[in-house]
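Examination of the molecular architecture
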Amino acid sequence: MQSSAHDKVEAVVDGQGLFVHVDYQHNLPAAAPGRDLLSLLLTFFSEKEVEQAGEVLSGTREFWQSRGESGMEACLFKGANSRHPEFAFSMQRHSPDVSEVDIQFVTDPVCAVDHLGRLTYTNFFWERLFLHHGREAEGRFIWEVMHASWENVLKEHVDQKADSRRTCLDQYDGYAESWFHVRVYPTRHGGSMLLFYSNQSAVEAPRGEDALTSLAHRKKIYSTMEELIAKGRPFSCMMLDLKNFREVNNTYTYPVGDLFLIKLAERFQQDMPDVWTGRSGGDEFVFISEGTEDQARMAHRLQTLLEEGIDVEGHWIRAAASLAGAAYPAHGRSPHALFHAMEAAMKEAKTSMADNTYVEYRPQFTENAQRKRTMERDLDTALLDGSYYLVFQPQVDTNQDCIAGVEVLSRWCHPELGHIPPPEFIAAAERKGHLKKITEWIMQEGLSHYLNWRDGYDYDGTMSFNIPPKLLEDDGFLHFLLQLPERWHIKPGKIELELLESTDLMKQPSLHSRLKLLQQHGFKLSVDDFGSGYSKIGYLMEYPFDQVKLDKLFVDRIGRDNKGEAVLRGVVSMVQSIGIPIVVEGVEMERQQHFLEEIGCFVMQGYLFAPPMYAAAVKQSIRTYGRQKKSGQRF
């Protein structure tokens, strides 16, 4: 039992709510063996909350956690494999997350993960069953620690969870060579508590049926595939993942969502009687068609069915989904291989914004998935071994003949994959939960070079950094930014933050006040790639930007497209009319420079002036510019 400086009591409680074993710390009211749990809870929690705890004790629920006005937090967790109905109970003051509650009394495997899927807690039974080869668990992604067969289903859960109620997963474990039913309980800070039951547990539905829809569940889907494979029969299989099920739940309530799934399952069986149908997860279905039916034809049948919509309690709901197909034996010779193929194709299907997109498995999908896993695996060491590094690209003011600024860019030369494009490794960092760590490293490493240029070569321009807008939601990252100017002795206006123009900007109601705060602390704010992607003139009116960085797509039109040049003139005129300075990136030819100067744009960045370069080369450029300035030469 871990010690704590907080008032705390931990105990085993029997099925009647009486304490069986108690471990005290500090000043909580007496909770001796034989005393009643609910009477203790009434001291700190409302009657409604205590009633919910009573539901767990009476057997209708399995998990309860709450925080009372007095600062007390309690957790009650049922153990399913115990011969006698006993419960783990923990109560303490100011516990930051239910995932920190000790539940070692539960004799089922239990673990907890944070909102990114990193393990924050494991009990003895989980470690004994799932922790292999002596690997440390805490802080690692759960799918890295467990057998590879869990990876897709656990990542899917982390990516899509938003419900405040319990969800369930069924999965085959390659190490244990056994099926597990997993009950997942959300915790307050976006994490999850996971309770694992073996396939011998009484929670398994009879005859291999999904309890809600009466379709075959994941284990039965596997066994059906195994039967067809054993008979040597070719078949096609299709995975359907609902894109809008969360929206249905949030809009029409969970009971309507459940009824929607039931009616959808009935529709599948009625309209496609020749296709075997199962439910492999919360909003995921699998279809199997014997023979050599064209997968695209089966996908078209499903797409037509989904377009029709379903009447649920007077609500007309149209399902939107992503579809992924695979075939035996072409794409796999085992159920696990076929599921792996469908899940790889599903990832590709979900990249499309269109509803009911269908993608058939191709081998490169597996290669892409392996590439992503390799990047995620090696991100931890990239900052240490030097394979992740910085380059710098000058921004030149052609009117003042000076280097007005330097943009900091990151690069990764992977020992196996070679040079990885920045959008790829930034996405990997975001998936891994390392985006904040890497961005902070980039800024500190960049500013160390800035000081060297300033103090050794009289550089007085800006240094700009690309900042993902979502990072500004993080109070810790905001604090990191605010202390940078004083810590590094940087004058106001010299650190520039480039925010990518994206939908993320509009999703952050607190962004305006945070940007204002950054300006007050001496930061310059720039909207990057303006005019591409999610172009919204409203950004310039709503947010306090100091500068606009025009996207390269405008520059590429110069000298080639009169319409493109006219659009560029209009955009520049509009931005200049509201008094916001402009930087133009992607300038590669002299005719582009001359056109931009004619319309009043003088600060430019691109290969015409300098490519991204190492810090030593920037130092040489600053030195060269200094000699040109003294001799009266143009840059």
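One can find the structure itself at the top, above this paragraph.
An account of the accompanying structure is given in this report.

With that settled, the discussion passes to the packing of helix H7 (residues 245-252) against helix H8 (residues 254-271). Their axes nearest at 7 Å, the elements H7 and H8 cross at an angle of 135°. Considered as vectors, H7 and H8 are oriented oblique to each other. Contacts from Phe245, Val248, Asn249 and Tyr252 in H7 reach Tyr254, Val256, Gly257, Phe260 and Leu261 in H8.

All right, on to the sheet that holds strand E9 (residues 178-186) then. Taken together, the five strands give an open sheet; going across it, the order is E7-E6-E10-E9-E8, and neighbouring strands pair in antiparallel fashion. Two strands lie at the open edges of the sheet, namely strand E7 (119-122) and strand E8 (167-173), each paired on one side alone. Direction aside, the axes of adjacent strands within the sheet are offset by 25° on average. Here strand E6 (residues 110-113) runs beside strand E10 (residues 192-198); their pairing, made up of four bridges, is antiparallel. Paired with Cys111 across the bridge in E10 is Leu194. The strands that helix H6 (residues 218-230) touches are E8 and E9; relative to E8, the one it contacts most, it runs at about 35°.

In this structure the tally under the stated criterion is 20 aromatic pairs. For the ring pair Phe130 and Phe196, a centre distance of 4.9 Å and an interplane angle of 50° mean the geometry is tilted. On the criterion of sequence distance, the pair formed by Phe130 in helix H3 (residues 124-130) and Phe196 in strand E10 is long-range, its members being 66 residues apart. Take Phe130: its relative accessible area is 1%, and that puts it in the buried class. Put simply, the rings of Trp126, Phe130, Trp150, Phe180 and Phe196 touch in pairs and so form one group of aromatic residues.

Time to look at the pairing of E7. Relative to E7, E6 runs antiparallel, the two sharing three bridges. Bridging from a neighbouring strand, Cys111 pairs with Thr122 of E7. Where E6 hands over to E7, the hairpin turn is made up of five residues, of which Gly117 adopts a positive phi near 95°.

Another aspect to go through is the pattern of salt bridges. For the coordinates displayed, the defined rule picks out 29 salt bridges. Taking the shortest distance from any N to any O, the salt bridge between Asp114 and Arg118 comes out at 2.8 Å. The shortest N-O distance in the salt bridge between Lys494 and Asp460 comes to 3.6 Å. Of this pair, Lys494 sits in the loop between helix H15 (484-488) and strand E22 (495-500) while Asp460 is found in the loop between helix H13 (435-457) and strand E21 (462-467), placing the two residues 34 residues apart along the sequence. Take Lys494: its relative accessible area is 15%, and that puts it in the buried class. Overlapping salt bridges bring together Lys243, Glu307, Arg318 and Asp355 as one network.

The rules behind the values
- Residues numbered from 1 in each chain as written.
- Predicted model: local features only at pLDDT ≥ 70, side-chain atom pairs only at ≥ 80, totals over all residues.
- Heavy atoms only, no water.
- Axes fitted to C-alpha atoms, helices over the stretch in contact; angles between N-to-C directions.
- Helix = DSSP H or I, 4+ residues; strand = E, 2+ residues; numbered from the N terminus.
- Parallel < 35°, antiparallel > 145°, perpendicular 65-115°, else oblique.
- Contact = heavy atoms within 4.5 Å.
- Pairing = 2+ DSSP bridges.
- Phe/Tyr/Trp six-rings, centres within 6.5 Å; stacked < 30°, edge-to-face > 60°.
- Buried < 20%, exposed > 50% of the residue type's maximum accessible area, 1.4 Å probe, protein only.
- Salt bridge = Lys/Arg side-chain N within 4 Å of Asp/Glu carboxyl O.

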